[in-house]
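Spelled out from the first residue to the last, the chains are:
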Amino acid sequence: MSDQYFDEENDLEREIDPSFAELLQDLIQSSSSQMNVAQPATVVSYNYKNQTVTVTPDFKKKYPDGTIVDSPSIYTVPVSFHRTSSSFIALPLKKGDKVTLIFADRSLDKWKTQGVESHPEDDRMHHISDCYAIPGGYPLNNSSPLNNPDDVIIKNENMEVRLKPNGHIQILNQGEELLTMLDDYMTADIAGDYYSKVEIQVRLRTMLEK
């Protein structure tokens with residue numbers, strides 16, 4: 001049975017030739033397959049001076065003939081850190097880190113250099129070169145370990161700061177808690193325990209090294 005549609009203007013029911021319907025469906029599918037919206041990617045390199053990355057999308061490309069090829073690397077991709085004009089949170093991106101790519105509706109060429117409302121240089125849409133990267137977007141088999149859902153956590157390698165909902169703060173360095181060491185130091189100082197004070201000072205210096 002052929003596909004049908006209703007013509008509101010002429011109140012006529014017309015038949016669409018099956019070959020035309022298939023051609024139209026193939027055209028829509030082909031157009032959709034070329035549209036970039038969002039996808040995970042892996043960092044190849046990071047330029048911290050201008051906060052851009054070179055990335056490789058994690059999805060391979062599959063052509064109609066069944067050929068599968070690696071996606072090309074994308075260069076000079078702006079990194080979208082949490083920031084305002086006067087404050088920011090920067091993350092030390094490294095090779096192999098995961099990001100999520102968001103592809104713009106229009107060309108970003110002028111926006112990258114001027115950063116203001118402007119008319120795009122060309123009319124391309126959702127192009128692979130017009131994206132920015134949001135750090136994160138790891139698969140479920142590589143999620144961050146959390147021991148509770150309530151703390152706000154800032155972690156960099158072995159240094160970790162936890163802001164707790166009860167107003168407390170916890171600072172850890174290689175598993176040792178800074179505030180606990182300070183409390184132990186004051187206790188040793190009050191007790192006149194010189195050797196304990198020296199031992200705690202040595203441990204505290206590991207947190208001061210640059």
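Provided above is the structure to which this section pertains.
Below is a summary of the structure that appears in this document. These numbers come from a predicted model, not from an experiment.

**Quick word on the overall build of the chain**
Check the secondary structure of the chain and you find four helices and 15 strands. Classification of the 210 residues of the chain by burial places 21% in the buried group. Considering only residue pairs separated by 6 or more positions, the chain has 43% of its internal contacts joining residues 24 or more positions apart. Carbon and sulfur atoms form 54% of the exposed surface of the chain, whose accessible area is close to 16,000 Å².

**Overview of the pattern of salt bridges**
Tallied over the entire structure, the rule returns 10 salt bridges. Residue Lys94 pairs with Glu157 through a salt bridge whose shortest N-O separation is 2.9 Å. In this pair, Lys94 sits in the loop between strand 9 (88-89) and strand 10 (98-103) while Glu157 sits in the loop between strand 12 (152-156) and strand 13 (159-163), placing the two residues 63 residues apart along the sequence. Take Glu157: its relative accessible area is 54%, and that puts it in the exposed class. The salt bridge partner of Asp109 is Arg124, with a shortest N-O separation of 3.0 Å. Here Asp109, found in helix 2 (residues 109-114), pairs with Arg124, found in the loop between helix 2 and strand 11 (131-135); they are 15 residues apart in sequence, far enough to count as distant. One connected set of salt bridges, linked through shared partners, spans Asp151, Lys155, Glu160, Arg162 and Lys164.

**Things to note about the sheet that holds strand 11**
Strand order in the open sheet formed by five strands is 7-4-3-10-11, with antiparallel pairing between adjacent strands. A strand with exactly one partner marks an edge of an open sheet, and here the two such strands are strand 7 (74-78) and strand 11. Adjacent strand axes in the sheet meet at a mean angle of 50°, parallel and antiparallel pairs treated alike. Summarising the sheet, strand 10 and strand 11 pair through five bridges and their orientation is antiparallel.

**Remarks on the nonpolar core**
Grouped together as the largest cluster of nonpolar side chains are 14 residues, with contacts concentrated most on Val53, Val55, Ile74, Val77, Val99 and Leu101. Going through the elements one at a time, strand 3 (38-47), strand 4 (52-57), strand 7, strand 10 and strand 11 are the ones with two or more residues in this core. Residue contributions to this core peak at three residues, all from strand 10. The next biggest cluster of nonpolar side chains, apart from the first, holds five residues, and it includes Leu178, Met181, Ile200 and Leu204.

Cut-offs used in this document
Residues numbered from 1 in each chain as written. Predicted model: local features only at pLDDT ≥ 70, side-chain atom pairs only at ≥ 80, totals over all residues. Heavy atoms only, no water. Helix = DSSP H or I, 4+ residues; strand = E, 2+ residues; numbered from the N terminus. Buried < 20%, exposed > 50% of the residue type's maximum accessible area, 1.4 Å probe, protein only. Contact = heavy atoms within 4.5 Å. Areas by Shrake-Rupley, 256 points an atom, 1.4 Å probe, with all protein chains shown as cover. Salt bridge = Lys/Arg side-chain N within 4 Å of Asp/Glu carboxyl O. Pairing = 2+ DSSP bridges. Axes fitted to C-alpha atoms, helices over the stretch in contact; angles between N-to-C directions. Core = buried A, V, L, I, M, F, W, Y, C linked by side-chain atoms within 4.5 Å.

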